[in-house]
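Structural overview
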Amino acid sequence: MQDKIVIREILLSDIDEIMKMEYLSFPEEVWEKRELFLERIQVFKEGFLIMEIDGKKAGYMTSEIWNYKKERDKSDFGINHSIKKIHNINGNELFITSFAVTPEFRNGGYGKYMFDFFIEKMIKKYNIVCISLIVAEKWEKAIKIYLKNGFKILEKYDDFLISSKDYRDFLFMRKELE
């Protein structure tokens, strides 16, 4: 990677670019709402990073901090759920709510670079004991990346996204930190 990569906290003025990346990165049936991204910026700006490569917006990651629970139920998660209801800055479980790299910048190592940067930043700043996420079972490339990074599949949620015909089943994955 010889490109100039900048990873920084989100700005409110980035919202239009975030929405463009959302639309480029995910199928319409799993798009998250603009209002949700604005709420994430308002509640936990530190957990919302954007990546620029040579001045072009290339990806983003959003997260929340939850109180750790050994076991999670499908009802703990939800596309377009409100961060205000569960985020606790003093919690110790980092939940990755969204992670996108635009198609133009995929397969170049940028996603791994951003993911590693993000995780390192969050672990240094907060008392994180584990990192968790959900991912559509069909997104095999993403699942492989998470497995390579020490995540384990803990549960499969059939019909998690019942409004979707193609992305119904999701996996709950977690990485316990030493």
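So, here is what we can say about the structure in this document. Keep in mind that what you see is a predicted model, and the values were worked out from it rather than measured. (Residues numbered from 1 in each chain as written. Predicted model: local features only at pLDDT ≥ 70, side-chain atom pairs only at ≥ 80, totals over all residues. Heavy atoms only, no water.)

Considering the sheet that holds strand E7 (residues 170-176)
Across the sheet, which stays open at both edges, the seven strands sit in the order E1-E2-E3-E4-E5-E7-E6 with mixed pairing between neighbours. What marks the edges here is a single partner per strand, and that holds for strand E1 (5-9) and strand E6 (152-157). With strand direction ignored, the average angle separating the axes of adjacent strands in the sheet is 25 degrees. Relative to strand E2 (residues 48-53), E1 runs antiparallel, the two being bridged by five bridges. By the bridge assignment for E2, Arg-8 is matched with Ile-50. Relative to the sheet, helix H2 (residues 34-44) contacts E2, strand E3 (56-66) and strand E4 (93-101), its axis offset from that of E3 by approximately 60 degrees. (Pairing = 2+ DSSP bridges. Helix = DSSP H or I, 4+ residues; strand = E, 2+ residues; numbered from the N terminus. Axes fitted to C-alpha atoms, helices over the stretch in contact; angles between N-to-C directions. Contact = heavy atoms within 4.5 Å.)

A short note on the side chain of Glu-93
With respect to the secondary-structure elements, Glu-93 resides in strand E4. Residue Glu-93 is classed as buried on the basis of its relative accessible area, which comes to 0%. For Glu-93, the residues in contact, after removing those within four places along its chain, are Glu-64, Ile-65, Trp-66, Asn-67, Tyr-68, Lys-69, Arg-72, Ile-128, Cys-130, Ser-132 and Arg-174. (Buried < 20%, exposed > 50% of the residue type's maximum accessible area, 1.4 Å probe, protein only.)

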